[in-house]
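Understanding the architecture of this molecule
Okay, here's what each chain looks like letter by letter:
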Amino acid sequence: MTNFIYDVEMVEDDKPYSMGQVNTNEIPEEALTTYTQLLSQLLQQQDQGKRYAGFGFEGAEKLAFSALQIAEHDQIGAGMVYNPDDNGDNFVLIGRVFFCIKDRTVSFNMESNADDVLVQGEIDLRGYIQSFVVCFMAAWVELNKEYLPSNN
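Residues numbered from 1 in each chain as written. Predicted model: local features only at pLDDT ≥ 70, side-chain atom pairs only at ≥ 80, totals over all residues. Heavy atoms only, no water.

**So, the pairing of strand S2 (residues 15–23)**
Two elements, strand S1 (residues 5–12) and S2, share seven bridges in a ladder whose sense is antiparallel. Among the inter-strand pairings, Glu9 is bridged to a residue of S2, identified as Ser18. Count of turn residues in the S1/S2 antiparallel hairpin: two residues, of which Asp13 carries a positive phi of about 55 degrees. (Pairing = 2+ DSSP bridges. Helix = DSSP H or I, 4+ residues; strand = E, 2+ residues; numbered from the N terminus.)

Here's what the structure looks like:
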């Protein structure tokens, strides 16, 4: 597994908040394998950024993500959506992720309606967002491990 440390920040109301650092080697092997396969498949699609894959966590069946490579071997973006109907017709955007290997940073920006969408009565899906971000970044690093900056 690749040892790569990066900074995480959440952007809310255009203000960044540091959420600490993450090391990609702390991701469970099964999650890394699953996300690496999903990400690879999404990036092979002709209309990148317009195809979605599920988060893959039990309890998060209504959450999905897209992937869009911005700069080869470095920058990638993702859109996180909520699928209220389970049929893919009415996706609700809940946030965006932007990751840069060279800068060693990931930021995620939640939409203003995200809490309303993710918290419904007893059901709170917010915890899955951070898990998704960490798995998504580890997969991107794994797919580009031969291009990582040398000062790990």
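**Brief notes about the environment of Ala71**
Positionally, Ala71 belongs in strand S4 (residues 63–71). Using a relative accessible area of 24% as the deciding quantity, one classes Ala71 as partly exposed. For the pair Ala71 and Cys100, spaced 29 residues apart in the sequence, the C-alpha separation amounts to 8.8 Å. (Buried < 20%, exposed > 50% of the residue type's maximum accessible area, 1.4 Å probe, protein only.)

**Observations regarding the nonpolar core**
Counting residues in hydrophobic clusters, the biggest one holds 45 residues, and the most contacted among them are Phe99 and Phe132. Looking at this core, the elements with two or more residues in it are S1, helix H1 (29–44), S4, strand S5 (75–82), strand S6 (92–100), strand S7 (105–110), helix H2 (114–118) and helix H3 (126–143). With 11 residues, the top contributor of residues to this core is H3. Contact partners of Phe132, with chain neighbours within four places excluded, come to Tyr35, Phe55, Phe57, Phe65, Ala78, Met80 and Val97. (Core = buried A, V, L, I, M, F, W, Y, C linked by side-chain atoms within 4.5 Å. Contact = heavy atoms within 4.5 Å.)

**Quick look at the packing of aromatic side chains**
Within this structure, the stated rule accounts for 12 aromatic pairs. With a centroid separation of 6.5 Å and 85 degrees between ring planes, the pair formed by Phe55 and Phe57 is classed as edge-to-face. Taking relative accessible area as the criterion, Phe55 reaches 0% and is therefore assigned buried. (Phe/Tyr/Trp six-rings, centres within 6.5 Å; stacked < 30°, edge-to-face > 60°.)

**A few points about H1**
With 16 residues, H1 extends 23 Å from end C-alpha to end C-alpha; this agrees with the ideal 22 Å at 1.5 Å per step. Every buried residue belonging to H1 is among Ala31, Leu32, Tyr35, Thr36, Leu39, Leu42 and Leu43, and all of these are buried. Taken around the axis of H1, the buried residues stretch over an arc of 135 degrees, which confines them to a single face. Turned more than 90 degrees from where H1 packs its buried face, Glu30 and Gln44 sit exposed. (Expected span 1.5 Å × (residues − 1). Arc of directions from axis to C-beta.)

**Some details on the pairing of S4**
The pairing of strand S3 (residues 53–54) with S4 spans two bridges and is antiparallel. Its bridge partner being in S4, Gly54 is matched across the sheet by Ala64. Pairing of S4 with S5, which is carried by eight bridges, proceeds in the antiparallel orientation. In the strand pairing of S5, Ser66 is matched with Gly79. Here S4 hands over to S5 after three residues, with His73 in that stretch at a positive phi of 65 degrees.

**Looking at the environment of Val134**
With respect to the helices and strands, the residue Val134 is situated in helix H3. Using a relative accessible area of 16% as the deciding quantity, one classes Val134 as buried. In this structure, the C-alpha to C-alpha distance between Val134 and Val22, residues 112 residues apart in sequence, is 7.5 Å.

**Structural notes on the side chain of Ser66**
Within the secondary structure, Ser66 sits in strand S4. The class for Ser66 is buried, based on a relative accessible area of 6%.

**Some thoughts on the sheet that holds S4**
Read from one edge to the other, the open sheet built from seven strands follows the order S2-S1-S7-S6-S5-S4-S3, with strand pairing classed as mixed. Unpaired on one side and paired on the other, S2 and S3 mark the two borders of the sheet. Here S1 pairs with S7 via five bridges, running parallel. Opposite Glu9, over in S7, you have Ser107 as the bridge partner. H3 contacts S1, S2, S4, S5, S6 and S7 of the sheet and is inclined by roughly 150 degrees relative to S5. (Axes fitted to C-alpha atoms, helices over the stretch in contact; angles between N-to-C directions.)

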